[in-house]
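# What the coordinates show
The residues making up each chain are set out below.
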Amino acid sequence: MSTLWIIILFGLLMSCIALVGGLTLVLGEETWNKCTLPLVAFAAGTLIGGAVFHMIPASVNAMGNVTALYCWLVAGFMLFFALEQFLNWHHSHTHAHSCTLTSPPHQHSPPREPCSVSCNTNVSDTHVSGLDSYLSNTVESNSCNNEEVADNQSEGEEEETDIEQGTTEELSLPRAKEKQQTSKTPITYMILVADAVHNFLGGLFVGASFVDSFQLGISAWLAAAAHEVPQELGDFAILVHGGFSKQKALLFNFLSALTFLIGGIVADGASRAINIAFLIPFAAGNFLYIGASDLIPEVKHYHGARRNAVHFASFSVGIGIMLGIRIAMEGW
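Residues numbered from 1 in each chain as written. Predicted model: local features only at pLDDT ≥ 70, side-chain atom pairs only at ≥ 80, totals over all residues. Heavy atoms only, no water.

### Some words on the overall build of the protein
To keep it simple, the criterion reads: Runs of H or I in DSSP of at least four residues are treated as helices and runs of E of at least two as strands, each being numbered from the N terminus. Method for areas: the Shrake-Rupley scheme with a 1.4 Å probe, in which residue coverage is limited to the protein chains shown.
The helix and strand tally for the protein stands at 10 helices and 2 strands. Mapped in sequence order, the helices and strands of the protein form the string α-α-α-α-β-β-α-α-α-α-α-α. Surface accessibility of the protein: about 15900 Å² in total, with carbon and sulfur atoms responsible for 64%.

### Digging into the confidence of the model for the protein
Any segment with low pLDDT has predicted coordinates that should not be analysed in fine detail. To keep things clear, this is the line we draw: The score called pLDDT rates the predictor's confidence residue by residue, from a low of 0 to a high of 100. Contacts are assigned to residue pairs that have any heavy atoms within 4.5 Å of one another.
Of the residues in the protein, 68% have a pLDDT of 70 or more, and the chain-wide mean is 76. Contacts from residues 94-146, a stretch scored under 50 in pLDDT, to residues over four places away or in other chains number 127 contacts. Across residues 156-184 the pLDDT falls below 50, and counting only partners more than four positions away or on other chains, this stretch makes 18 contacts in the model.

### A short note on a nonpolar patch on the surface
Stated formally: Every patch collects residues that have over 30% relative accessible area and no salt bridge, joining them within 9 Å if they carry like charges and within 5 Å if they are nonpolar side chains (Val, Leu, Ile, Met, Phe, Trp, Tyr). What counts as a salt bridge is simple: a side-chain nitrogen of Lys or Arg found within 4 Å of a carboxyl oxygen of Asp or Glu.
The grouping of M1, W5, L9 and L13 at the surface amounts to a nonpolar patch, some 490 Å² of accessible area in total. By the element assignment, L9 lies in helix α1 (residues 3-16).

### Overview of the packing of aromatic side chains
To keep it simple, the criterion reads: Ring pairs are drawn from Phe, Tyr and Trp, using the six-membered ring of Trp, whenever the two centres fall within 6.5 Å, and their geometry is named by plane angle: stacked under 30 degrees, edge-to-face over 60, tilted for the rest. Only protein chains enter the calculation, and the probe is 1.4 Å; a residue is then buried if its accessible area is under 20% of its type maximum, exposed if over 50%, and partly exposed in between. Counted as over-ring charges are cases with an Arg CZ or a Lys NZ within 6 Å of the ring centre that also lie within 35 degrees of the ring normal.
Applying the stated criterion to the full structure yields 10 aromatic pairs. Taking 4.9 Å as the distance between ring centres and 85 degrees as the angle between the ring planes, the aromatic pair formed by F77 and Y289 counts as edge-to-face. Remark: Y289 occurs in helix α9 (residues 279-300) and F77 occurs in helix α4 (residues 67-86); sequence separation between them is 212 residues. The exposure class of F77 is partly exposed, given its relative accessible area of 34%. Each ring, one from F210 and one from F214, has its centre 6.1 Å from the other, and the planes form 50 degrees; the classification is tilted. Here a set of aromatic residues connected by ring pairs shows up, and it is made of F10, F210, F214 and W221. Sitting above the plane of the F244 ring, K248 keeps its charged end 5.0 Å from the centroid.

### A closer look at the side chain of T46
With respect to the helices and strands, T46 occurs in helix α3 (residues 29-63). The class of T46 is buried, set by a relative accessible area of 2%. Apart from residues lying up to four places away in sequence, T46 is in contact with A223, A226, G318, I319 and M322.

### With respect to the pattern of salt bridges
The final tally for this structure, using the stated rule, is 1 salt bridge. Ionic pairing is found between R272 and D268, a salt bridge with its closest N-O pair at 2.7 Å. Look at R272 and you get exposed, because its relative accessible area is 63%.

### Some points on the packing of α1 against helix α7 (residues 214-241)
Convention followed: Angular values range over 0 to 180 degrees, each being the angle between N-to-C directions of two axes fitted as lines to C-alpha atoms, with helices fitted over their stretch in contact. Angle categories are assigned with fixed cut-offs, so that under 35 degrees is roughly parallel, over 145 is roughly antiparallel, 65 to 115 is roughly perpendicular, and the rest are oblique. By definition, any crossing whose near helix is turned counterclockwise from its far helix by less than a right angle is left-handed, and any crossing with a clockwise turn is right-handed. Ten residues, namely Ala, Val, Leu, Ile, Met, Phe, Trp, Tyr, Cys and Pro, are considered nonpolar, four, namely Asp, Glu, Lys and Arg, are considered charged, and the remaining ones, Gly among them, are considered polar.
Following both chains from N to C, one finds α1 and α7 inclined at 15 degrees, their axes separated by 11 Å at the closest point. As the angle between them shows, α1 and α7 are arranged roughly parallel. The element α1 and its partner α7 pack so that their crossing is right-handed. Residue-level contacts link I6, F10, L13 and M14 of α1 to F214, I218, W221, A224, A225 and E228 of α7. Across the contact of α1 with α7, the residue classes tally to 9 nonpolar, no polar and 1 charged.

### Re the environment of P230
Assignment of secondary structure puts P230 in helix α7. Note on P230: relative accessible area 3%, which makes it buried. For the pair P230 and A18, spaced 212 residues apart in sequence, the C-alpha to C-alpha distance is 9.9 Å.

### Some points on α7
As a reminder of what qualifies: A helix is expected to span 1.5 Å for every residue after the first.
In this model, α7 (28 residues) spans 39 Å end to end at C-alpha, consistent with the 40 Å of a helix rising 1.5 Å per residue. The buried fraction of α7 is high, at 25 of 28 residues. A positive phi of about 115 degrees marks G243, the residue just after α7.

### Concerning the nonpolar core
Soluble globular proteins tend to pack their nonpolar side chains together in the buried interior. The condition that has to hold: Throughout this description, the term nonpolar core refers to a set of buried Ala, Val, Leu, Ile, Met, Phe, Trp, Tyr and Cys residues connected via side-chain atoms within 4.5 Å.
Core analysis: the biggest nonpolar cluster contains 45 residues, and M14, M55, V206, F210, W221 and L295 have the highest contact counts within it. Only α1, α3, α4, α6 (162-212), α7, α8 (246-271) and α9 provide two or more residues apiece to this core. Among the elements that make up this core, the one with the highest residue count is α9 (11 residues). Not counting residues up to four positions away in its chain, the partners in contact with V206 are G217, A220, W221, A224 and F260.

### Things to note about the packing of α7 against α8
Relative to each other, α7 and α8 sit at 145 degrees, their axes nearing to 10 Å. Regarding α7 and α8, the two cross each other, and that crossing is right-handed. Within the contact between the two elements, α7 uses W221, E232, D235, F236, L239 and V240 and α8 uses K246, A249, L250, N253 and F260. Broken down by class, the residue content of the contact of α7 with α8 amounts to 7 nonpolar, 1 polar and 3 charged.

Here it is as C-alpha cells:
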C-alpha cells in the first residue's frame, strides 16, 4: 500500500474519532464525565512519549544531530505558545466549572441571582478551541442582557392586569429562549472553524511522520488520537450547549475533523516537491507543548490521593505505550 493511501486510511480513522461524542448517548454523560480527566492525563502521556521516544529520534535520523533540528523543535513549541498568548487559542479540555449537555455554557464569574445557569463545580469535559475567554465573556454578556430585558418587561407588566401578565409571560418565554439560542449559534460555528484549523495542522504533522516511516506515522497517529478523544467529547458538548441537536453536533464535528485528512494529503503532496523532514521536530515541539503546558496543568490541581493516583497511572500508561512501541520496533 502506498504512503498516500495509508495517510488517507488513517486520516479517515482519525475523523471517525469525532463521532466519539455519540457514546454519551449510550453510556450517559455522568459516566463520561468521570472518564474525562484520566483520558486527558493519558493523552498527555502519549503526546510527550511520542515526541521523546519517536519523533525526536526520527528527526535526528532524518536531519542529523544539528542545531537546525532543535530550532525547529523550539519553533513548534513556541507556535502554540504564541497562539495562546496573542490569539487566546487555548486547548483546554477542562475548566473550573461544568455544565450538563442540556445547559448553557459555563461562566467563570458568578451570575447575578436572576440569571440561572445549571452548572456545578465539578470537572467539565468542555473544550473551547481557542475561544475560552470569548465564549465566557459572550455568554456572561448574553445572560445579563436577557436579565435586563426581563426586568424591563416585568416593570411594564406591573401596570397591566393579572391576566395580561400571564399572557405576556407565556409569549415572552419562548421568544427569550429563541433569542438566547440564536445568540450562541455563531460562537459554535467559530469553534468549528478553530477546531478545523487545529485538525489540519495535526494532519499535516502526522502525514509528514508517515512520509518518513510507517513506524513513526503510527506513533504520531496514536498520540494524536489519544488527544482527540477528550477534545472531541468537549467539542460535542459545546455544540449541544450552543443549540445544535445531538445528531447535528456529531455531523458538524465529523466534518471539521475531515481537515485532518486534508492536512495529511497536503503533507504527502508537498513531500514530492520539497524535503518536509523539518515538520517532524516541529510537530514534536507541538506535542510537547500541548502535553506539558495544556493537559498536565488540568489534572495536577485536583487533590486527593486516590484521584491523583488514577491521573498519574493514566499518564504513565500513555508514556508506557509509546515506550513499548519504541522497544518493540527499535529495541533498547
